[in-house]
Every structure is written in C-alpha cells, then in structure tokens.
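Coordinate inspection notes
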Amino acid sequence: MVHASPFDPGGGTGTSGSGSPVSGGGRFAVEVAHLHSLIRPLRESMSAGRQVSEHPEQLTEHLADTGSEKFAEAAAHFVSAWGYGMGKLVKDADLIADKLQETADSYTGTDGQVADSMKGPSDGGSAAPGPVTSWAEEHIIKPTGLDSFSDRVEESWKSVFG
C-alpha cells in the first residue's frame, strides 16, 4: 500500500506499508489550493485555545462560587497550566499557518514568473525574445506571413469552439 503525500497528488513518492520509500514517477508537485485549504482550519481550530491562553480569567472568575476552596485552587492551577500549554500550541499553530501561507505565496509567485518568462513582449510578457525566436521571426515568420496565418487559425478555433 502506498501512502502518497498530499503535496504530490499524482502519487510521485511515498512510503509502502513497511515504511520503505516508493517512487511513482520522480516528480515533486505542490497543490497551492491544498496549502490554502489547511491554513484557515488550522487558525480556526486554535480559537478556543487562544481564548484560554489570553483570557483565563473567564474560566476562573466563578470558581469561588463552588463553595470548595480546595477545588477552586486546583481548578485555578489547572486553568493556569492548561492556558500556558495552549498558548504554546497556539503560537506553534500560528507559525505553521504563516509558513504555509508564505509557501503558497512563493509557489504562486514562482508560477507567475515562469509563465511571464515564457511570454514575449508581444504576448504581454516582460521577457525579451531570445536569439532563436528573433531569428525565426526575422527569417521565417515575417517573410512568410505566418503571423497572419496563426491569427486566422486562432480566429477559426474561437469561432468553432468559443
């Protein structure tokens, strides 16, 4: 049985039931949408912990009303210790959520840069054409009218397929 990573939806690598590595294509893929789907639930799951950590008095304000001083002291100590631990957990969860956001933003930015680098100035990209493209435009595309031909083909496709 292969347990693939959610960061490689195609099951590129994972581990077998015995724990040994398994390769299924040698690629690494990150689904940015999956990263985003983790951030919000992680932050939301810490809302109660944040309340306990930042406002323990809300849990302890009525302990004296129980009528038992020992119980009130024990409960106050428990809330204090639990609040401290929850504070640590919330801090770590926030750090993880922040790093997931940074990672998603980095992948999105890189995808945009790669896509832009593959466009020439005529396509709205910032990349200048390379020597092969420049030569092909000068010696093949412009003299033969391939530009207008490709425009006509594109228009035909759009008229047929929308």
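Quick note: structure is the one above.
Presented here is a report on the structure given in the accompanying data block. Remember, predicted model here, so these are calculated numbers, not experimental data.

Turning our eyes to something else, we now look at a nonpolar patch on the surface. A contiguous nonpolar surface patch, about 330 Å² in accessible area, is contributed by Leu59, Phe78 and Trp82. When you line up the elements, Leu59 lands in helix α3 (residues 57-60). According to the relative accessible area criterion, Leu59 is partly exposed, its value standing at 45%.

Summed over the entire model, instances satisfying the criterion amount to 1 aromatic pair. Taking the centre distance of 6.0 Å and the plane angle of 15 degrees together, the rings of Phe78 and Trp82 count as stacked. Placement of the pair is Phe78 and Trp82 together in helix α4 (residues 69-117), with a separation of 4 residues, close to one helical turn. For Phe78, a relative accessible area of 53% puts it in the exposed group. What makes Trp82 partly exposed here is its relative accessible area of 40%.

With 14 residues, helix α5 (residues 131-144) should reach 20 Å at 1.5 Å per residue; the first-to-last C-alpha distance of 19 Å fits that figure. In α5, a bend of some 45 degrees at Glu137 exceeds every other bend along the element.

Our focus in this paragraph is the pattern of salt bridges. Across all of its chains, the model carries 5 salt bridges by this definition. A salt bridge links Glu44 to Arg40; the nearest nitrogen and oxygen atoms lie 2.8 Å apart. With a gap of 4 residues between them, Glu44 and Arg40 both fall in helix α1 (residues 32-45), about one helical turn apart. For Arg40, a relative accessible area of 60% puts it in the exposed group. In this structure, Glu102 engages Lys99 in a salt bridge whose closest nitrogen and oxygen atoms are separated by 3.6 Å.

All right, on to the packing of α1 against α4 then. For the pair α1 and α4, the least separation of the axes is 9 Å and the interaxial angle reads 155 degrees. Looking at the two axes, α1 sits roughly antiparallel to α4. Between α1 and α4 lies a crossing of left-handed hand. Across the interface between the two elements, Val32, Leu35, His36, Leu38, Ile39, Leu42 and Arg43 from α1 touch Ala93, Asp94, Ile96, Ala97, Asp98, Leu100, Gln101, Thr103, Ala104, Tyr107 and Thr108 from α4. Class assignment of the residues belonging to the contact of α1 with α4 gives a composition of 11 nonpolar, 4 polar and 3 charged.

Reading the values: the criteria
Residues numbered from 1 in each chain as written. Predicted model: local features only at pLDDT ≥ 70, side-chain atom pairs only at ≥ 80, totals over all residues. Heavy atoms only, no water. Patch = residues over 30% accessible without salt bridge, like charges linked within 9 Å, V, L, I, M, F, W, Y side chains within 5 Å. Areas by Shrake-Rupley, 256 points an atom, 1.4 Å probe, with all protein chains shown as cover. Salt bridge = Lys/Arg side-chain N within 4 Å of Asp/Glu carboxyl O. Helix = DSSP H or I, 4+ residues; strand = E, 2+ residues; numbered from the N terminus. Buried < 20%, exposed > 50% of the residue type's maximum accessible area, 1.4 Å probe, protein only. Phe/Tyr/Trp six-rings, centres within 6.5 Å; stacked < 30°, edge-to-face > 60°. Expected span 1.5 Å × (residues − 1). Bend = angle between axes of the 7 residues up to and from the residue. Axes fitted to C-alpha atoms, helices over the stretch in contact; angles between N-to-C directions. Parallel < 35°, antiparallel > 145°, perpendicular 65-115°, else oblique. Left-handed = near helix turned anticlockwise from the far one by under 90°. Contact = heavy atoms within 4.5 Å. Nonpolar A, V, L, I, M, F, W, Y, C, P; charged D, E, K, R; others polar.

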